[in-house]
Amino acid sequence: MQQFADGLMEPGGPLAGISTPLGYVLVVALFAFLILNFIMLVAGVTSWVERRVWARIQSRIGPNRVGPQGVLQWLADGIKNIMKEDIVPEQADRFLFKAAPYLTMMGFFGAFACIPFADGVIAADLNVGVLYITAVTALVVVGILMAGWSSNNKWALLGGIRSAAQIISYEIPAGLAVITVVLFTGTLSMQGIVEAQGAAPWKWFLFANPFLFVAFFVFFTAALAEGNRTPFDLPEAESELVAGAFTEYSGLRSLLFFLVEWGNLYVIGAVATALFLGGWRVPAVTDNPVLLGVLQFLVFFGKSYFLVFIAMWVRGTLPRVRVDQLMSLCWKYLVPISFVNMLGAMVFFVLFPEGSPVVRFGMVAFGAALLVYFLSRVVFHIRRARPEFHLSPFA
Amino acid sequence: MEFQLANVLVYILLGAITAALMLGLGWLLRPSNPERMKLSTYECGEPPSGSAWINFNIRFYLIALVFVIFDVEVAFIYPVAATFRHYVTSGQGMIAFTEIFVFLVILFVGLVYVWAKRDLEWLKRVPPVA
């Protein structure tokens, strides 16, 4: 980002002749504005896509009235929520109640500073990038816990502390899975991690060795739990806790929490893409840097949104787990697995400092076979359940 | 470095400013007709019985305690992980691995202890009252 700003301010550049601080402020403000719009658009559209995807999974149609195929549904929901009355319960702690959405929004927006969208397109390529993202997204927990406690409502209290217990527990397997990647890169910088991988799937960290393969699934499961997604959405289990920590929130304030939830889904996908799925790496197909940048962004967005789609699919398929199952899954399975996995990755790295092509291609073959088997099961079940079904999302 | 840290600050503040702008816009547009029943705490339509600021289950504290230990451990492993590549390329990989292995084994004993003490069980069997 800094090099980009410097480039613009060189003699002959579009911002030539401006003082350096002013140029920096302009570039940062412009990029922040773009990211803001990107966040709002992604979070909003994701809410619509998610409802449509569930609807198709459950043999319904879903919202299809506002705009073509209902794409503007999220705007209508936003406008509706802005016009809604804002209720702060009399018994609540007013200050904490009002401060909670701000904290969640700060933690959520902070994560976007370190997401590598393309080569050089990252707001802050910190040398502690991954650690920063895990740290700043944890701020969301504080907001949720604050919302739960300040509402002075039993549902909200239960939802808030459940959420806190869940998110902090799953932070440990997620952190260990991230460390497994960091071992092989030797850097925590997001761009450094992406650049250590290649464009082709067999150069992704996912297939580099069996330990990183396991780490990806541990990370994705733990990230779903951290994002309070089904099957781990106990904090806002509608059927038992009304809306969990957000029970007392109405209108715009509750919308902010849901914005963060949908947006965090994209953050999960983006971080998993950068760590395991090769990030924005594309083959050098063109010399035009702008065109290449757009291509990189599209590849990155496509991969991360595919992971978002997987999360929606999981949500439409799996039932919610019980709270004791949730805790034992984390502490008795994911934590030991990720420990052993990390030690195995260290041994592998000591034995094969350059990586092993045999293992790499074996993993690619294994992954491909797994994918083919999985898709054949999907097709088999769809055919069996609905003989008349044809694969069109708009049918 | 300052440029990047300033950028991080910009994004964190952007979150707060966006929330403030949205709520400010809502404040201009939304109605406000507070009344007593509307402002009462929701408890399935019944009048709420007492405050919700009560003692909650001890198990959440236990989880938090175990978490603190393991999270500090993860925080200690991060710097080792970041320099592990350097050790391996300079041929000292086994030394670094042994050190982190000893560190992890000590902590793993901790996890086994917590597990054996049944503090990871959400549902505990209560001994029958004689």
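Residues numbered from 1 in each chain as written. Chains lettered and ligands numbered in written order. Predicted model: local features only at pLDDT ≥ 70, side-chain atom pairs only at ≥ 80, totals over all residues. Heavy atoms only, no water.

Side note on the interface of chain A and chain B
Short version of the rule: Whether two residues are in contact is decided by their heavy atoms, any of which lying within 4.5 Å being enough. Accessible surface is computed with a 1.4 Å probe, and the buried area is the amount of it that two parts give up when combined, taken over both parts together. Here, a salt bridge means any Lys or Arg side-chain nitrogen found within 4 Å of an Asp or Glu carboxyl oxygen. The definition of a polar contact used here is a pair of N or O atoms within 3.5 Å, where within protein one atom must be able to donate a hydrogen and the other to accept one, and adjacent residues in sequence count solely through side-chain atom pairs. Every helix listed is a DSSP run of H or I at least four residues long, and every strand listed is a run of E at least two residues long, numbered separately from the N terminus. Under this grouping Gly is polar, as are all residues other than the nonpolar Ala, Val, Leu, Ile, Met, Phe, Trp, Tyr, Cys and Pro and the charged Asp, Glu, Lys and Arg.
Each side of the interface is counted separately: chain A has 83 residues, and chain B has 68 residues. Overall, the association of chain A and chain B removes approximately 7300 Å² of surface from exposure, summing both partners, and the carbon and sulfur fraction of that is 77%. When the buried area of chain A at its contact with chain B is split by residue, Lys154(A), Trp331(A) and Lys332(A) rank highest and sum to 10% of it. Our count for the chain A to chain B interface comes out at two salt bridges. For Glu90(A), the salt bridge identified is with Arg36(B), shortest N-O distance 3.3 Å. At the surface where chain A touches chain B, the tally comes to five residue pairs in polar contact (both at pLDDT 80 or more). The set of elements that each furnish at least two residues to the side of chain A that touches chain B consists of helix H2 (20-57), helix H4 (94-112), helix H5 (129-137), helix H6 (139-150), helix H7 (154-185), helix H11 (251-276) and helix H13 (323-351) of chain A. Partitioning the side of chain A that touches chain B into residue classes produces 56 nonpolar, 14 polar and 13 charged.

Comments concerning the pattern of salt bridges
All names here are of chain A. For clarity, the threshold we go by: The classification of residues rests on relative accessible area computed with a 1.4 Å probe and restricted to protein chains. Under 20% of the type maximum is buried, over 50% is exposed, and intermediate values are partly exposed.
Throughout the structure, instances matching the rule amount to seven salt bridges over all chains. For Arg-253, the salt bridge identified is with Asp-86, shortest N-O distance 3.0 Å. A residue pair is termed long-range when its members are at least 10 positions apart, and Arg-253 in helix H11 and Asp-86 in the loop between helix H3 (73-82) and H4 qualify at 167 residues. Side by side, Arg-253 and Asp-86 carry an identical accessibility label, which is buried. We note a salt bridge from Asp-324 to Arg-322, for which the minimum N-O separation is 2.9 Å. In the salt-bridge network here, residues are joined through shared partners; they are Glu-50, Glu-261 and Arg-315.

Here's the deal with unusual backbone geometry
Most peptide bonds are trans, and most residues other than glycine sit at a negative phi. All names here are of chain A. The backbone of Gln-69 sits at a positive phi, close to 55°, despite the residue not being glycine. The topology assignment puts Gln-69 in the loop between H2 and H3. In this structure, Asn-152 is a non-glycine residue whose phi angle is positive, near 55°. Relative to the helices and strands, Asn-152 resides in the loop between H6 and H7. You can call Asn-152 buried: its relative accessible area is 7%.

Let's talk about the environment of Met312(A)
All names here are of chain A. Looking at the element boundaries, Met-312 is found in helix H12 (residues 289-317). A relative accessible area of 0% means that Met-312 is categorised as buried. When the C-alpha positions of Met-312 and Tyr-373 are compared, they lie 21 Å apart, and in sequence the two are 61 residues distant. If near-sequence neighbours (up to four positions away) are discounted, Met-312 is found in contact with Thr-46, Val-49, Glu-50, Val-53, Trp-54, Arg-229 and Tyr-305.

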